[in-house]
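A look at the structure
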Amino acid sequence: MVIDDSNTIRRSAEIFLVQAGCQVVLAEDGFDALAKIADHQPKIIFCDIMMPRLDGYQTCSLIKKNPRFKSTPVIMLSSKDGLFDRARGRMVGSDQYLTKPFTKDSLLQTVAMFAAPAASEIS
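Residues numbered from 1 in each chain as written. Predicted model: local features only at pLDDT ≥ 70, side-chain atom pairs only at ≥ 80, totals over all residues. Heavy atoms only, no water.

Examining unusual backbone geometry
- Residue Lys-100 is joined to Pro-101 through a cis peptide bond whose omega torsion reads -5°.
- Note on placement: Pro-101 falls in the loop between strand S5 (96–99) and helix H5 (104–114).
- A positive phi is found at Gln-41, a non-glycine position, where the angle reads about 40°.
- Judged by its relative accessible area of 44%, Gln-41 is partly exposed.
- Of note, the phi angle at Arg-53 is positive, near 65°, even though the residue is not glycine.
- The topology assignment puts Arg-53 in the loop between strand S3 (45–48) and helix H3 (56–65).
- Given a relative accessible area of 61%, Arg-53 falls into the exposed group. (Helix = DSSP H or I, 4+ residues; strand = E, 2+ residues; numbered from the N terminus. Buried < 20%, exposed > 50% of the residue type's maximum accessible area, 1.4 Å probe, protein only.)

Okay, here's the thing in structure tokens:
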């Protein structure tokens, strides 16, 4: 799942992931994502930090508080690369931090790291 209010980021991530053989669910913001997570049960979630209505920290926190999705990896996406942002992401339960703009390689390496069954499809 890719959660980002930027259509460009969502589409770029979708193209990279689909080319690697992944199924992708897109969400425009945290509320949209929370409505889709139960139906699609993603194996890995990429979540932008700066979004309207429900930011990435709040979205990640709500995902991690749900027992069904507590172990689902959440990777925070942000154009900020500060120590504070990374620490705050860890505090709400994020598993990794990816700086935007990300490359196809960095995105797929992250997927390979967290989605072990999908790793063989990507390599």
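Brief notes about the state of the cysteines
- Under the definition given, this model contains zero disulfides.
- No disulfide involves Cys-47; its nearest neighbouring cysteine sulfur is the one of Cys-60, lying 6.6 Å away. (Disulfide = S-S within 2.5 Å.)

Some points on helix H1 (residues 7–19)
- Across its 13 residues, H1 extends 18 Å between first and last C-alpha, which sits within 8% of the 18 Å expected from 1.5 Å per residue.
- Taken together, the buried positions of H1 are occupied by Ile-9, Arg-10, Ala-13 and Leu-17. Taken end-on, H1 shows its buried residues confined to a sector of 100°, consistent with a single buried face. In H1, those exposed residues whose orientation departs by more than 90 degrees from the buried face are Thr-8 and Gln-19.
- Its buried side turned inward, H1 meets strand S1 (2–3), strand S2 (26–27) and H5. (Expected span 1.5 Å × (residues − 1). Arc of directions from axis to C-beta. Contact = heavy atoms within 4.5 Å.)

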